[in-house]
Amino acid sequence: MEIKVDDLTGTEVADLVGEHLHNMTLNSPPESIHALNLDQLQRPDITFWSAWEGKDLLGCGALKELEGQHGEIKSMRTSAFHLRKGVASQILQHIIDVAKQRGYHRLSLETGSMDAFEPARRLYTSFGFEYCQPFSDYIEDSNSVFMTMDL
């Protein structure tokens with residue numbers, strides 16, 4: 001698997017981000033959707049990666065700088081064709097490694113509280129993330145859970 005910084009201009013990546021956004025609408029009310037669209041993911045405070053095996057897009061993930069020593073994981077998504085192959089684990093590890101290289105002291109995320117998000121919560125917990133209070137601009141929301149880890 002090759003994980004590389006992506007400029008979000010490729011059709012495959014646009015489709016995967018679109019699938020991610022659509023899936024959020026199926027599982028969360030609009031006011032609780034915090035997923036970013038293509039334009040938002042291209043902001044300078046966000047680094048976006050795509051994971052490939054040859055010409056097959058496996059998944060993606062992003063890291064948003066919240067402040068000098070705190071980052072947020074965004075847009076973690078595995079292609080429906082590559083679920084349960086360890087793609088998300090490898091992307092998550094890559095993001096954690098980059099956050100450490102940047103000197104971040106903390107890495108946080110928001111994900112859904114519904115059953116559909118249970119696999120994601122299990123993944124994050126397995127990497128050492130713990131549940132926490134809302135961070136940054138988030139507010140308490142029964143449809144969201146917030147997780148963080150010290151690096």
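The model shown is predicted, which means the values in this text are computed figures rather than measured ones.

Quick notes on the rules
- Residues numbered from 1 in each chain as written.
- Predicted model: local features only at pLDDT ≥ 70, side-chain atom pairs only at ≥ 80, totals over all residues.
- Heavy atoms only, no water.
- Helix = DSSP H or I, 4+ residues; strand = E, 2+ residues; numbered from the N terminus.
- Rg over C-alpha atoms; globule rule 2.2 N^0.38 Å.
- Contact = heavy atoms within 4.5 Å.
- Lys, Arg positive; Asp, Glu negative; His and termini not counted.
- Charge placed at Lys NZ, Arg CZ, Asp CG, Glu CD.
- Phe/Tyr/Trp six-rings, centres within 6.5 Å; stacked < 30°, edge-to-face > 60°.
- Buried < 20%, exposed > 50% of the residue type's maximum accessible area, 1.4 Å probe, protein only.
- Pairing = 2+ DSSP bridges.
- Salt bridge = Lys/Arg side-chain N within 4 Å of Asp/Glu carboxyl O.

**Q** Mind showing me how you'd approach the overall build of the protein chain here?
**A** Across its full length, the protein chain holds four helices and seven strands. Counting from the amino terminus, the protein chain carries its helices and strands in the arrangement β-α-α-β-β-β-α-β-α-β-β. Here the protein chain has a C-alpha radius of gyration of 14 Å; the compact-globule value for 151 residues is 15 Å, and the two agree. Projected onto its principal axes, the C-alpha coordinates of the protein chain cover approximately 40 × 35 × 30 Å. In the protein chain, the share of contacts with a sequence separation of at least 24, taken over all contacts with a separation of at least 6, comes to 62%. Seen as two clouds, the 13 positive and the 23 negative side-chain charges of the protein chain have centres 4 Å apart.

**Q** Sorry if this is basic, but what is going on with the packing of aromatic side chains here?
**A** Centre distance and the angle of the planes are the two values used to describe a pair of aromatic rings. Scanning all chains against the criterion turns up four aromatic pairs. Ring centres 5.7 Å apart and planes at 70° place the aromatic pair Tyr-124 and Phe-129 in the edge-to-face group. In this pair, the class of Tyr-124 matches that of Phe-129, namely buried. Judged by centre distance (6.1 Å) and plane angle (90°), the rings of Phe-135 and Phe-146 are edge-to-face. Here Phe-135 is found in the loop between β6 (130-132) and β7 (144-150), whereas its partner Phe-146 is found in strand β7, with 11 residues between them in sequence. In this pair, the class of Phe-135 matches that of Phe-146, namely buried. One aromatic cluster is present, built from ring pairs that chain together Phe-135, Tyr-138 and Phe-146.

**Q** What exactly am I supposed to notice about the pairing of strand β4 (residues 70-78) here?
**A** Within a regular strand, side chains alternate between the sheet's two faces. Within β4, nine of the nine residues are buried, which leaves it mostly tucked inside the rest of the structure. In terms of strand pairing, strand β3 (residues 56-67) meets β4 through seven bridges, oriented antiparallel. Bridging from a neighbouring strand, Cys-60 pairs with Arg-77 of β4. Two successive antiparallel strands, β3 and β4, enclose a turn made up of two residues. Here β4 runs beside strand β5 (residues 106-112); their pairing, made up of three bridges, is parallel. From the neighbouring strand, Glu-72 faces β5, where its bridge partner is Ser-108.

**Q** Can you walk me through the pattern of salt bridges in this structure?
**A** Side chains that carry opposite charge are capable of pairing whenever their charged atoms lie near each other. Applying the stated criterion across every chain yields a total of five salt bridges. Of the charged contacts in the structure, one is a salt bridge between Arg-77 and Glu-19, with a shortest N-O distance of 3.0 Å. Of this pair, Arg-77 sits in strand β4 while Glu-19 sits in helix α1 (residues 11-27), placing them 58 residues apart in sequence. Assessed through its relative accessible area of 16%, Arg-77 is described here as buried. The residue Arg-43 makes a salt bridge to Asp-45 at a minimum N-O spacing of 3.4 Å.

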